[in-house]
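# Summary of structural features
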Amino acid sequence: MRITVTVDGTTYTDEVEPRKLLVHYLRETIGKTGTVVGCDTSNCGSCTVHLNGQSVKSCSVLAVQVDGAEVTTIEGLARDGELHPVQQAFHDNHALQCGFCTPGMIMQSIDLLADHPDPDEDTVRHGLEGNLCRCTGYQNIVRAVQDAAQKLKPGSQQPVGGQ
């Protein structure tokens, strides 16, 4: 099947197998390898991307389902050489160890902050519960999301990370 999809601001038209998963289309067809293949069962959240502005696990979406849609991957977040505030907050708050879950965790965090711009710890933990991290214990991830929330508030003059 032929699909046309906009990924990170660039439009692609490709022939895809009807059974090809979005995660494999992103990685293998257009080279967006920042989207990680974790479990292939939608349990870990490592493959999370934004589809028309909403987070989805790209291992549970067929590429043909995104025909005409807009997809944002971890690689599409930075602007003019500057990390997205959530990416910067993860860096500043040491919210990663091995980094395998980080792309999906960041994408889910952005979606979480769109719905809950000033989340408390429980809200962050609940909002990220579909994304697994086997290294960190989540404390620095929660801290990073709350830090990014403060820096994303309208009128905030503080850089992400408080530096």
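Residues numbered from 1 in each chain as written. Predicted model: local features only at pLDDT ≥ 70, side-chain atom pairs only at ≥ 80, totals over all residues. Heavy atoms only, no water.

Under an unreviewed UniProt entry, the name given to the protein is Carbon-monoxide dehydrogenase small subunit, and the source organism is Actinokineospora diospyrosa.

## Focus: the overall build of the protein
Rules: Comment: elements are numbered from the N terminus, with helices defined as DSSP H or I runs of at least four residues and strands as E runs of at least two. For a compact globule the rule gives 2.2 Å times the number of residues to the power 0.38, and the radius of gyration it is set against comes from C-alpha atoms.
Secondary structure assignment for the protein yields five helices and five strands. Counting helices and strands in the order they occur from the N terminus, the protein gives β-β-α-β-β-β-α-α-α-α. Taken over C-alpha atoms, the radius of gyration comes to 16 Å for the protein, in line with the 15 Å a tight globule of 163 residues would show. Principal axes of the C-alpha set define a box for the protein whose edges measure 45 × 30 × 25 Å.

## Remarks on the domain arrangement of the protein
Operational definition: Where a domain begins and ends is set by an automatic assignment or by a domain database. Throughout, a contact is declared for two residues whenever any of their heavy atoms are within 4.5 Å. Simply put, the buried area is the total loss of 1.4 Å probe accessible area from both parts when two parts are fitted together. By definition here, a salt bridge exists when the distance from a side-chain nitrogen of Lys or Arg to a carboxyl oxygen of Asp or Glu is within 4 Å. Under the rule applied, a polar contact is a pair of N or O atoms within 3.5 Å (in protein, one hydrogen donor and one hydrogen acceptor; residues adjacent in sequence only if both atoms are side-chain atoms). Throughout this entry, Asp, Glu, Lys and Arg are counted as charged residues, while Ala, Val, Leu, Ile, Met, Phe, Trp, Tyr, Cys and Pro are counted as nonpolar. The remaining residues, Gly among them, count as polar.
The domains assigned to the protein are domain 1 (2-74) and domain 2 (85-152). Placing a centre on the C-alpha atoms of domain 1 and another on those of domain 2 gives a separation of 21 Å. Taken together, the contacts link 18 residues of domain 1 with 13 residues of domain 2. Both faces combined, the contact of domain 1 with domain 2 buries some 1,200 Å², and carbon together with sulfur accounts for 55% of it. When the area that domain 1 buries against domain 2 is broken down by residue, the three leading residues are Cys-44, His-50 and Ile-74, summing to 39%. The interface formed by domain 1 and domain 2 contains zero salt bridges. On inspection of domain 1 and its partner domain 2, the count reaches seven residue pairs in polar contact (both at pLDDT 80 or more). Elements that contribute at least two residues to the side of domain 1 that touches domain 2 include exactly β3 (48-51) and β4 (54-57). Of the residues that constitute the side of domain 1 that touches domain 2, the class distribution is five nonpolar, twelve polar and one charged.

## Points about helix α1 (residues 22-29)
For the record, the criterion: Only protein chains enter the calculation, and the probe is 1.4 Å; a residue is then buried if its accessible area is under 20% of its type maximum, exposed if over 50%, and partly exposed in between.
Every buried residue of α1 is accounted for by Leu-22, Val-23, His-24, Tyr-25 and Leu-26. Check the buried side of α1 and you find it contacts β1 (2-7), β2 (10-15), β3 and β5 (70-72). In the segment just after α1, Gly-31 is the residue with positive phi, at about 80 degrees.

## Quick word on empty space enclosed by the protein
To be explicit about the condition: Method remark: on a 1 Å grid restricted to protein atoms, a set of points is classed as a cavity if a 1.4 Å probe fits but cannot get out and as a pocket if it is open with protein on both sides within 12 Å along at least five of seven lines; lining residues have an atom within 4 Å of a point. Grid points are joined across faces, edges and corners, and a volume is the space filled by probe spheres set on the points.
Applying the stated criterion across every chain, the model contains two cavities of 30 Å³ or more. Computed from the structure, the largest cavity encloses a volume of approximately 40 Å³. Looking at the lining of the largest cavity residue by residue, the classes come out as seven nonpolar, two polar and one charged. Put simply, the second largest cavity is a space of about 30 Å³.

## What about the environment of Gln-88?
Among the secondary structure elements, Gln-88 is positioned in helix α2 (residues 85-92). For Gln-88, a relative accessible area of 24% gives the class partly exposed. For the pair Gln-88 and Asp-147, spaced 59 residues apart in sequence, the C-alpha to C-alpha distance is 9.7 Å.

## Focus on the nonpolar core
Cut-off, in case you're wondering: Only buried residues count toward a nonpolar core, which is a set of Ala, Val, Leu, Ile, Met, Phe, Trp, Tyr and Cys residues joined through side-chain atoms within 4.5 Å.
In terms of nonpolar packing, the biggest core is built from 22 residues, with Val-86, Phe-90, Met-105, Ile-106, Leu-128, Ile-141 and Val-145 touching the most fellow members. Where this core is concerned, the elements lending two or more residues are α2, α3 (102-115) and α5 (139-152). Sequence-distant contacts of Ile-106, that is, excluding residues within four places in its chain, are made with Ile-74, Leu-77, Val-86, Gln-87 and Phe-90.

## Some remarks on the state of the cysteines
Convention followed: Cysteine sulfur pairs qualify as disulfides if the two atoms are within 2.5 Å.
One pass over the full model with this rule turns up zero disulfides. No disulfide involves Cys-39; its sulfur sits 3.7 Å from that of Cys-44, the nearest cysteine. Accessibility expressed as a relative area gives 28% for Cys-39, which makes it partly exposed. Here Cys-135 stays unpaired: no disulfide links it, and the sulfur of Cys-98, its closest cysteine neighbor, is 3.7 Å away.

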